[in-house]
Amino acid sequence: MLGFAAAVLFVIAFIINATETAVDTIFAPTSLMLLGLALLALHVAGIGAGWAPRGRRR
């Protein structure tokens with residue numbers, strides 16, 4: 001799930017960079033890419049992946 005969020009942030013950063021749109025500092029392509037890298041690192045570390053409901057094991 002975090003991998004998909006990272007991919008979306010990378011696409012948004014690419015579109016902003018490609019169109020050379022003037023945006024605030026928070027939505028600058030560099031900050032969006034860094035946030036995407038942080039989400040990707042969390043995904044690779046295993047956080048947010050494999051959520052399963054806890055049930056009885058037999």
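In case you missed it, the structure is sitting above this.
Residues numbered from 1 in each chain as written. Predicted model: local features only at pLDDT ≥ 70, side-chain atom pairs only at ≥ 80, totals over all residues. Heavy atoms only, no water.

(A) Structural context of the overall build of the protein. A tally of helices and strands in the protein yields two helices and zero strands. Burial statistics for the protein: of 58 residues in total, 19% are counted as buried. Within the protein, residue pairs in contact and separated by at least 24 positions form 60% of the contacts whose partners lie at least 6 positions apart. (Helix = DSSP H or I, 4+ residues; strand = E, 2+ residues; numbered from the N terminus. Buried < 20%, exposed > 50% of the residue type's maximum accessible area, 1.4 Å probe, protein only. Contact = heavy atoms within 4.5 Å.)

(B) Region of the structure containing the nonpolar core. Counting residues in each nonpolar core, the largest one holds seven residues, listed as Leu2, Ala6, Leu9, Ala13, Ile16, Leu32 and Leu39. Breaking this core down by element, the ones donating at least two residues are helix 1 (2-19) and helix 2 (29-45). Per element, the largest residue contribution to this core is five residues, and it comes from helix 1. Once residues within four sequence positions are removed from consideration, Leu39 is found in contact with Leu2, Ala5, Ala6 and Leu9. (Core = buried A, V, L, I, M, F, W, Y, C linked by side-chain atoms within 4.5 Å.)

(C) Representation of the packing of helix 1 against helix 2. Relative orientation of the contacting elements helix 1 and helix 2 amounts to 165 degrees, with a least axis distance of 8 Å. The angle between helix 1 and helix 2 falls in the class roughly antiparallel. In terms of crossing hand, the pair formed by helix 1 and helix 2 is left-handed. On helix 2, the residues touching Leu2, Gly3, Ala5, Ala6, Leu9, Phe10, Ile12, Ala13, Ile16 and Asn17 of helix 1 are Pro29, Leu32, Met33, Leu35, Gly36, Leu37, Leu39, Leu40, Leu42 and His43. Residues belonging to the contact of helix 1 with helix 2 are distributed by class as follows: 16 nonpolar, four polar and no charged. (Axes fitted to C-alpha atoms, helices over the stretch in contact; angles between N-to-C directions. Parallel < 35°, antiparallel > 145°, perpendicular 65-115°, else oblique. Left-handed = near helix turned anticlockwise from the far one by under 90°. Nonpolar A, V, L, I, M, F, W, Y, C, P; charged D, E, K, R; others polar.)

(D) Region of interest: helix 1. Taking 1.5 Å per residue as the helical rise, helix 1 with its 18 residues ought to reach 26 Å, and the 26 Å between its terminal C-alpha atoms agrees with that figure. When we look at burial in helix 1, the residues that qualify are Leu2, Gly3, Ala6, Leu9, Ala13 and Ile16. Projection of helix 1 onto a plane perpendicular to its axis shows the buried side chains occupying an angular sector of 145 degrees, all on one side. Opposite its buried face, helix 1 presents the exposed residues Phe4, Phe14 and Ala18, each directed more than 90 degrees away. For helix 1, the secondary structure elements touched by its buried residues are helix 2. Looking one or two residues beyond helix 1, the residue adopting positive phi is Glu20, at roughly 55 degrees. (Expected span 1.5 Å × (residues − 1). Arc of directions from axis to C-beta.)

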